[in-house]
Amino acid sequence: MKTKNNDTVCDEQIFNNFFKANAKTIFNHIYYKFGNEEKANDAVQEAFLKLWQNCTKVSPEKAKSFVYTVANNLYLNVIKAEKVRLKYADKTLKTTHESPEFLMEESEFKLKLENALNALTENQRTTFLLNRIDGKKYKEIAEMEGVSVKAIEKRMHLALKSLREKIDGI
């Protein structure tokens, strides 16, 4: 986001534009790490609140990095406090009008997929979901994670290799 020297994140219009342009991507990034929509929303809201509170200290060019860092740090603090609870988060089944056989196969596949995704390292899982679900390019993911594009390529390679081994038929 290119700005004039006198523009700051404290300008409400600039802040609103920045929020609209980046909130969804930051939410998805944190959501893939949390696995919990409510906590991801909280982390993103808190990150933007901290940006607003520190708007005089953060230039518009550094705002995106600031918000990612704050949201990621909030994520790490919550994980530290609730690691066991997140591991055993209960999943609810949705009712559909499909045949029982289809529902059973679907639930078995979902369980295989979930187990395979949980078996990935956090970095591999985040990279995989950001690329395959959000459609982010490796360069964008590397910028979010603060690593090189080569590191993202390696994570993706290892994630795909692991998923192929754990899920038959892919």
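These numbers come from a predicted model, not from an experiment.

**Student:** Explain the pattern of salt bridges to me, please; I cannot follow it from the model alone.
**Tutor:** Any two side chains of opposite charge can pair, given that their charged atoms come close. Under the defined criterion, the tally for this structure stands at 4 salt bridges. The salt bridge involving K64 is made with E143; its shortest N-O contact spans 3.9 Å. Of the two residues, K64 sits in helix α3 (residues 63-87) while E143 sits in helix α6 (residues 138-145), which places them 79 residues apart along the sequence. Look at E143 and you get exposed, because its relative accessible area is 56%. In this structure, R155 engages E145 in a salt bridge whose closest nitrogen and oxygen atoms are separated by 3.5 Å. On the criterion of sequence distance, the pair formed by R155 in helix α7 (residues 149-166) and E145 in helix α6 is long-range, its members being 10 residues apart. Like E145, R155 is buried.

**Student:** Is there a simple way to think about the side chain of T126 in this case?
**Tutor:** Considering the arrangement of structural elements, one finds T126 in helix α5 (residues 122-132). Exposure remark for T126: the relative accessible area of 1% places this residue in the buried category. A distance of 2.9 Å separates a polar side-chain atom of T126 from the backbone oxygen of E122. Apart from residues no more than four positions distant in its own chain, T126 is found in contact with H29, K33 and E145.

**Student:** Just to check I follow, could you spell out the nonpolar core for this structure?
**Tutor:** One broad rule of soluble globular proteins: the nonpolar side chains tend to lie buried together. Of all hydrophobic cores here, the largest spans 38 residues; its most connected members are I26, I30, F48, L51, V67 and F128. Secondary structure elements with two or more residues in this core: α1 (12-34), α2 (37-53), α3, α4 (100-119), α5, α6 and α7. Broken down by element, the residue count for this core peaks at 8 residues, all from α1. Once you skip the residues sitting within four places of it in the chain, F48 turns out to touch F15, F18, F19, N22, A23, I26 and V67.

**Student:** For this particular structure, what's the right way to read the state of the cysteines?
**Tutor:** A covalent bond between the sulfur atoms of two cysteines is referred to as a disulfide. Tallied over the entire structure, the rule returns 1 disulfide. Between the sulfur of C10 and that of C55 lies a disulfide, 1.8 Å long from S to S. One disulfide, between C10 and C55, carries an S-S torsion of 95° and so falls in the right-handed class. Linking C10 in the segment before α1 with C55 in the loop between α2 and α3, this pair joins segments that are 45 residues apart in sequence.

**Student:** Please explain α5 as it appears in this structure.
**Tutor:** Each α-helix winds once per 3.6 residues, and so residues spaced three or four apart point in a common direction. The element α5 is extensively covered by neighbouring structure, given that 8 of its 11 residues are classed as buried. Listed as buried for α5 are Q124, R125, T126, T127, F128, L129, L130 and N131. Where α5 is buried, its residues touch α1, α4, α6 and α7.

**Student:** Help me understand the confidence of the model for the protein, please; the structure alone is not making it clear to me.
**Tutor:** Taken residue by residue, the protein gives an average pLDDT of 80. The fraction at 70 or more is 84%. No element of the protein has a lower mean pLDDT than α3, which averages 75, and none a higher one than α7, which averages 91. Low pLDDT, under 50, characterises residues 1-5; the stretch is placed with 6 contacts to residues that sit more than four places away or in other chains. Scored below 50 in pLDDT, residues 90-95 makes 1 contact in the model with residues more than four places away or belonging to other chains.

Cut-offs used in this document
- Residues numbered from 1 in each chain as written.
- Predicted model: local features only at pLDDT ≥ 70, side-chain atom pairs only at ≥ 80, totals over all residues.
- Heavy atoms only, no water.
- Salt bridge = Lys/Arg side-chain N within 4 Å of Asp/Glu carboxyl O.
- Helix = DSSP H or I, 4+ residues; strand = E, 2+ residues; numbered from the N terminus.
- Buried < 20%, exposed > 50% of the residue type's maximum accessible area, 1.4 Å probe, protein only.
- Polar contact = N/O pair within 3.5 Å; in protein donor to acceptor, adjacent residues only side chain to side chain.
- Contact = heavy atoms within 4.5 Å.
- Core = buried A, V, L, I, M, F, W, Y, C linked by side-chain atoms within 4.5 Å.
- Disulfide = S-S within 2.5 Å.
- pLDDT = per-residue confidence, 0-100.

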